[in-house]
Amino acid sequence: MNFSYNWLAELVGGLDVPPEELSRLITLKTAESEGVRAYSPHLEAVCAARVKRVEPVSGGRNVKAVVETSRYGERTVVCGASNCRAGLLTAYVPAGTRLNGREIGKTVIQGIESDGMLASGAELGINRDAAGILELAGELDLRPDHIIEIDNKSLTHRPDLWGHHGMAREVAAILHKPLREPADRGLLPEAPGVVRVEIEDLDLCPRYSALVFENVTVQPSPLWLQYRLEAIGLNPINNIVDVTNCVMAEIAQPMHAFDADKLHGHTIYVRRARDGERLTALNEETYELTPANLVIADEAGAVALAGVIGGLASAISEGSRRIVLESANFSAASIRRTSAALKLRTDASMRFEKSQDPVNTVRGIARAVALLREISPGIRVAGGVSDAWRKRGRGAPIGLPLDWLNRKLGRDVEAAQVRAILEALEFGVEEPGPRVFSVSVPSWRATKDISIKDDLVEEVGRMIGYDSITPQAPLLPARVPPFNEEREYHHEVREKAAALGFTEVYNYSFLSEELARAFRMDPDAHVRVLNPIAADQSLLRSSLIPGLWRNIIENAKYFEGFRLFEIGREIHKRGQAAPGEVTHFAAAVFAKTDGAEHLMELKHLAETLAPDIRVAPGTALPYEHPYRTAQLTLYGKVVGRLAELHPDKIEQGRAGVLDIDLDALHATTERELRYKAVRRFPASSFDLSVVAGEQELAGGIQDKLAAFAGDPLERIEFLRQYSGPPLPPGEKSVSYRLTVASPERTLSSEEVSAIRQRIIDAMVALGYDLRVCSPMLGSPMLGSPMLGSPMLGSPMLGSPMLGSPMLGGPMLGGPMLGSPMLGGPMLGGPMLGSPMTVLKPRA
């Protein structure tokens, strides 16, 4: 938003602060200024010049003009403008003046010395007319200006600051200067309106005011008005349109002028557009409208898009003699929706979107009457103001305890100073009790700005200057925040995932319809965002996987492999009820090589989060690999999925994903912990290898072994899986280590052997081949009294001998234990998995 320093100076009496200092004060106390720029500084040197005589120059269209100036005397210039003629009063720019970044000098053109130049309105920054040199009716009484640029975002909550008078009110309050009111309501005639106004919905149009003018002369505006508009970035068009723009820029009231003779009937209708109704606007674009759009209409149809743009059919032209001047107030939300839907943003719509003051409409007409009388000679008002609106009472005053205000600000402010600040900003102030003010909010601050006493604290604080308040930390009791069990659990999950090398990501809770369809998700099954911040964020996510997939695609451009995880909420549609939110944990492992390693990593991650979690085959979802999909269960309850993404989702490489319902996992793992005494007696272990079909689940085999071992089983561990010779094709050998013990005594070798034999017999009965350890590992020596005797639990076991180099040194942990003899082919090779001891199923 651009503010003219000269314009502000007209509204603020005695403004003597330099533009740069004023910009700084505005930033500190009102809104963020982006800087100050000089506008048309060359006007300091430019003056009016009368063309005395013109002589053509041979060999071109230029002419030699001799001009007379009161300031520089007689000068000779070479001019190429077609309207340069004797007797013309125009603008002269002397040599040595910088004009639009270049210095005007004495130059020789076609053999003639040109001392300065004659300039057009566009070259001087007065208007946009570059067709010829400026034609003046009198002296050029225009002064250089400075433009203060204010960031629009800092004005969003202040509709009054979208006009010069609103900013002038702030400046007057800051500098303790008088403020001039530009509108004279006494100019409005007390008579019935010539046109009738009918408003269909007062919520969409709280007020519509109109006034008819006759004997109108449409012509260019005087230069002072053109210059004023051009300086702040508005295009001068003609005197009628320029007046509406001037009122908008001065008091933040958008206006529009209709050619009264182009309207049908004597009634103006403010209504919703008919479905399929079309309007050709002033920009010569035709828009197809819907009932979501508000229009201004006559008896024949729409003539303007309310609050956005006028219609071409009723536009002001050179032949217009009667006009209807509109000054209205519209719903901010309605204008914003229409502007966004039609991709049409105008100076008027930007102001209406900020919730303008309905009281301002008649004030705008009063200001327009004064301007039109000045720039359209002979114009006269027909009838009075047609004014349709829903009158609203003034809001209740806000109580402002001064002691409370001082505590809030952190410094003492005298009651007289508080009153002076608020009254300078045109708040009404009364004192119903000691040190308590009753503050009435002016209408232009009541739409979306001031409503509670805290807002008044801000008004006082910004005017006294926040730099006058000594920074001091608030005095608050130091309390330990209440324990949040869910947050603590999520923190633990994050730590475990990070410890395994996973990097946390954060994604938006939105996704596009295209992404939902890409994952075969029904967009209609998602919760829709009524006003999405972007076209690709129109749905609330029902799964974390699409967002994680986008992370995979983006990071795969730069890395060969990586691990990611996210904790976030899924939002699920629940009919007419409020949507449900479920916290999920999603993780992904990506590698540019094929293999099941990424799935095993994710399985390990799941088991880290819940050691008792079980993995079982599952039916693939559309975005999952049809043969690499599993379901996760915990104590019989489904808590998540483990799968590889479908190959068509990843161009190069493979990606496995883990998706766990974190709420369900947390609830399921919240089991009562019971104390279990430390085992006093040693345990015994033995290994079993089960030969099974290649597609049989290792977990299913493990469950059978555990069931047959019974109560003595303390632990069962998966060791390895082997396939290949001497096993036939389609079979595999799966090895487990079973640890058995008794809480009451040490199991004898015979008891351990009996348990092992019971398991073997049961498995053989089910049709399995079993391969047991060689005599070296499975001999009576391993399970004999020697290993499980009191000797093992005696002082000898706990003596220095156990911790000596003999047991803890190279012999136990050294090459012997890690040598090829134990870790090589003998233990893990064909010897352990060989047909040395084979137990066949009974016939």
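Residues numbered from 1 in each chain as written. Predicted model: local features only at pLDDT ≥ 70, side-chain atom pairs only at ≥ 80, totals over all residues. Heavy atoms only, no water.

J.: Looking at this model, I keep getting lost on the overall build of the chain. Mind explaining?
T.: If you tally the helices and strands in the chain, you get 31 helices and 40 strands. Relative to its length of 843 residues, the chain is extended, with a C-alpha radius of gyration of 44 Å against a globular reference of 28 Å. In terms of overall dimensions, the chain has C-alpha extents of about 130 × 85 × 60 Å along its principal axes. Looking at the chain as a whole, 48% of its 843 residues qualify as buried. With the model as given, the accessible surface of the chain reaches about 42400 Å², and the carbon-plus-sulfur share is 54%. Here the chain holds 93 positive side-chain charges and 106 negative ones, and the gap between their average locations is 1 Å. (Helix = DSSP H or I, 4+ residues; strand = E, 2+ residues; numbered from the N terminus. Rg over C-alpha atoms; globule rule 2.2 N^0.38 Å. Buried < 20%, exposed > 50% of the residue type's maximum accessible area, 1.4 Å probe, protein only. Areas by Shrake-Rupley, 256 points an atom, 1.4 Å probe, with all protein chains shown as cover. Lys, Arg positive; Asp, Glu negative; His and termini not counted. Charge placed at Lys NZ, Arg CZ, Asp CG, Glu CD.)

J.: Explain unusual backbone geometry to me, please; I cannot follow it from the model alone.
T.: With an omega of 5°, the peptide bond between Pro 725 and Pro 726 qualifies as cis. Inspection of the secondary structure puts Pro 726 in the loop between strand 37 (713-722) and strand 38 (731-740). A positive phi angle is found at Glu 284, which is not glycine, with a value near 70°. Phi angles above zero are rare outside glycine, and Arg 520 is one such case at about 55°. Along the chain, Arg 520 falls in the loop between helix 14 (513-518) and strand 29 (539-540). Accessibility expressed as a relative area gives 63% for Arg 520, which makes it exposed.

J.: In this structure, what is going on with the sheet that holds strand 25 (residues 428-433)? I would like to understand it.
T.: Picture the strands of a sheet paired through backbone hydrogen bonds; they go either parallel or antiparallel. In spatial order, the strands read 24-26-25; together these three strands make up an open sheet with antiparallel pairing. At either margin of the open sheet sits one strand with a lone partner, and together these are strand 24 (398-401) and strand 25. Averaged over all adjacent pairs, the angle separating strand axes in this sheet is 30°, with direction ignored. Note that strand 25 and strand 26 (residues 436-440) share four bridges and pair antiparallel. Counterpart to Gly 428 in the pairing with strand 26 is Ser 440. Against the sheet, helix 11 (residues 415-424) engages strand 24, strand 25 and strand 26, with an angle of about 145° to strand 25. Helix 12 (residues 453-464) contacts strand 24 and strand 26 of the sheet and is inclined by roughly 60° relative to strand 24. (Pairing = 2+ DSSP bridges. Axes fitted to C-alpha atoms, helices over the stretch in contact; angles between N-to-C directions. Contact = heavy atoms within 4.5 Å.)

J.: Whenever I open this one, helix 18 (residues 698-709) confuses me. Can you help?
T.: At 3.6 residues per turn, the α-helix brings residues three or four places apart onto the same side. A rise of 1.5 Å per residue sets the reference length of helix 18, with its twelve residues, at 16 Å; its end C-alpha atoms lie 17 Å apart and thus fit the reference within 8%. Within helix 18 the residues assigned to the buried category are Ile 701, Leu 705 and Ala 709. The arc that holds every buried residue of helix 18, seen down its axis, measures 75°, which confines them to one face. Elements in contact with the buried residues of helix 18: strand 36 (684-693), strand 37, strand 38 and helix 19 (749-765). Phi turns positive one or two residues past the end of helix 18, at Gly 710, with a value near 80°. (Expected span 1.5 Å × (residues − 1). Arc of directions from axis to C-beta.)

J.: I keep staring at the packing of helix 10 (residues 402-409) against helix 12 and nothing clicks. Help me out?
T.: To characterise two packed helices, one gives the angle between the axes of the helices and the distance between these axes. Relative orientation of the contacting elements helix 10 and helix 12 amounts to 60°, with a least axis distance of 10 Å. As helix 10 runs across helix 12, the sense of the crossing is right-handed. Between helix 10, through Trp 404, Leu 405, Lys 408 and Leu 409, and helix 12, the contact on the second element is made entirely by Lys 453, Asp 454, Val 457, Val 460, Gly 461 and Ile 464. A per-class count over the contact of helix 10 with helix 12 returns six nonpolar, one polar and three charged. (Left-handed = near helix turned anticlockwise from the far one by under 90°. Nonpolar A, V, L, I, M, F, W, Y, C, P; charged D, E, K, R; others polar.)

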